[in-house]
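Tertiary structure, described
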Amino acid sequence: VLADGAISAETTNIIGVSPTVAVDDPSGRRTSSGNLVSWHDTIGQTSRLSSLLMFTISAALAAPLLGIARRPSFAFCIYGRTRSGKTIATLVGSSVIGIGRTENLIGWNITDARLEQRLAELRDLPFPIDDLSTMVGGKKEKYLRISNIAYRVSAGWSTARHSSFTRANEGVHSGWRCIVLTSSEKSVRDMATDAKVERQPGEALRLI
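Residues numbered from 1 in each chain as written. Predicted model: local features only at pLDDT ≥ 70, side-chain atom pairs only at ≥ 80, totals over all residues. Heavy atoms only, no water.

**Observations regarding the overall build of the chain**
As a reminder of what qualifies: Each helix corresponds to a stretch of at least 4 residues labelled H or I by DSSP, and each strand to a stretch of at least 2 residues labelled E; elements are numbered beginning at the N terminus. Contact definition: two residues touch when any of their heavy atoms are within 4.5 Å. Surface accessibility in these figures is a Shrake-Rupley result with a 1.4 Å probe; residues are shielded only by whichever protein chains are displayed.
Summing up its helical and strand segments, the chain has 9 helices and 3 strands in all. Its helices and strands in sequence order give the chain the pattern α-α-α-β-α-α-β-α-α-β-α-α, from N to C terminus. Of the contacts made within the chain by residues no fewer than 6 positions apart, 69% connect residues no fewer than 24 positions apart. Counting only carbon and sulfur atoms, one obtains 56% of the accessible surface of the chain, whose full area is about 12300 Å².

**With respect to the side chain of S47**
Our working definition: Here a polar contact is taken to be a pair of N or O atoms separated by no more than 3.5 Å, where protein atoms must pair a possible hydrogen donor with a possible acceptor and residues adjacent in sequence count only if both atoms sit in side chains.
Locating S47 in the fold gives a position in helix 1 (residues 36–47). A distance of 2.7 Å separates the side chain of S47 from the backbone oxygen of I43, its partner in a polar contact. Ignoring anything within four residues of it in the chain, the contact list for S47 reads L53, M54, I57 and V92.

**As for the nonpolar core**
Where we set the bar: Buried residues of nine kinds, namely Ala, Val, Leu, Ile, Met, Phe, Trp, Tyr and Cys, make up a nonpolar core once their side-chain atoms join them within 4.5 Å. Relative accessible area decides the class of each residue, using a 1.4 Å probe on protein chains only: under 20% of the type maximum gives buried, over 50% gives exposed, and in between gives partly exposed.
Ranked by size, the top nonpolar core spans 30 residues in total, and within it L115, L119, F127 and V180 carry the most contacts. Taken together, the elements giving at least two residues each to this core come down to strand 1 (74–79), helix 5 (112–121), strand 2 (125–128), helix 6 (139–155), strand 3 (178–184) and helix 8 (188–194). A total of 5 residues in this core trace back to one element, the largest contributor, which is helix 6. In this structure, L119 is in contact with F127, V153, W176, C178 and V180, ignoring residues within four places of it in sequence. If you look at the next biggest cluster of nonpolar residues, it comprises 6 residues, including A59, L66, I179 and L181.

**Quick look at empty space enclosed by the protein**
Summary: where empty space remains is shown by rolling a probe the size of a single water molecule over the atoms. Keep this limit in mind: Using a grid of 1 Å spacing that covers the protein atoms alone, one calls a set of points a cavity when a 1.4 Å probe fits there but cannot get out, and a pocket when the set is open and has protein on both sides within 12 Å along at least five of seven lines; lining residues are those with an atom within 4 Å of a point. Grid points are joined across faces, edges and corners, and a volume is the space filled by probe spheres set on the points. Note on residue categories: nonpolar means Ala, Val, Leu, Ile, Met, Phe, Trp, Tyr, Cys or Pro, charged means Asp, Glu, Lys or Arg, and polar means any other residue, Gly included.
Per the counting criterion, the structure on display carries 1 cavity of 30 Å³ or more. Lining the largest cavity are 15 residues, with A75, W108, I149, V180 and L207 positioned closest to its centre. Breaking the lining of the largest cavity down by element, the ones donating at least two residues are strand 1, helix 5, helix 6 and strand 3. Its residues assigned to classes, the lining of the largest cavity shows 13 nonpolar, 1 polar and 1 charged.

**A look at the pairing of strand 3**
Quick reminder of the rule: Should DSSP find at least two bridges between two strands, the strands are taken to pair.
Of all 7 residues in strand 3, 7 are buried; the element is thus mostly enclosed. Because side chains alternate across strand 3, one face comprises the buried residues C178, V180, T182 and S184, and the other comprises I179, L181 and S183, equally buried. Both strand 2 and strand 3 contribute to a ladder of 4 bridges, which runs parallel. Within strand 3, the residue paired with P126 across the bridge is I179.

**Concerning the packing of helix 2 (residues 51–62) against helix 4 (residues 86–94)**
Spelled out, the test is: Every angle, taken between N-to-C directions, lies between 0 and 180 degrees, and every axis is a line fitted to C-alpha atoms, over only the stretch in contact when it is a helix. Throughout, a crossing is termed right-handed when the near helix is turned clockwise from the far one, and left-handed when it is turned anticlockwise from it by less than a right angle.
Taken N-terminus to C-terminus, the directions of helix 2 and helix 4 make an angle of 40°; their axes are 8 Å apart at the nearest point. Relative to helix 4, helix 2 is oriented so that their crossing is right-handed. On helix 4, the residues touching L52, L53, T56, I57 and A60 of helix 2 are I88, A89, T90, V92 and G93. Class assignment for the residues of the contact of helix 2 with helix 4 results in 7 nonpolar, 3 polar and no charged.

**Some words on the sheet that holds strand 1**
Here 3 strands make up an open sheet; going across it, the order is 1-3-2 and the pairing parallel. One side of each edge strand has no neighbouring strand; the edge strands of this open sheet are strand 1 and strand 2. Taking the axes of each pair of neighbouring strands and ignoring which way they run, one obtains an average angle of 25° across the sheet. Here helix 4 sits on the sheet in contact with strand 1, strand 2 and strand 3, set at roughly 160° to strand 3.

Here it is as C-alpha cells:
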C-alpha cells in the first residue's frame, strides 16, 4: 500500500491509506511527474552507465519488499570525495518515489524525535536523507548519534511514550519499514576512527 493507493491486480477501495503525499514540510514531499516510459527513457537509460546510480535505484525498488521478506529496516551510506555524485545518486534513487530535487531531501539538521516521524511518513519506501555533513556536533558526538540512529532505524518503531501522551497526541506508536539512503565524504568506519570509537558489528550490519 502506497500513500495514494495500492499496487493490485484488482480495482479496490483502500481504507486507511496514510495521506503523507500532502505533508506540510517541503522536505520529503513526494510529487507525481511524467510516467514510467519517460522515467525509463531519461533517468533509467542514463543510470545504466553508472553502477552507483543502478544501486540506488535498486535500493529504492527493494524497500517495499522488506515487509514481504520479513526483514528489518537498514541504511546505506554512500561515501566519496566532494562532487563525486553522491547526492545525485541519492536523488536518482529518490526519484522512484517522486523526490527529484536536492532542496526536497530531508536533512540531518533534525531532532531524533522528528526523524522518527519522518520515517513513519515514508513507510515501505526508500528514505532518502541529505549528506551527513549537515549534522551538527563534534566528531564523537556525531558518530555516536549516527550509531544510535542506525539501531533506531532497524528497530522499526518510534520511542515509546506514556499512554497519556499517546491518547492526547498521536494514538498508537508509529512504525516503519524502509531502506535509508544517505551520503558522506567519509565512510562511517573512518568517522568511528576519528571519534576514537570502535564500530560494533551490529551497527555495521544496520548502517552499511
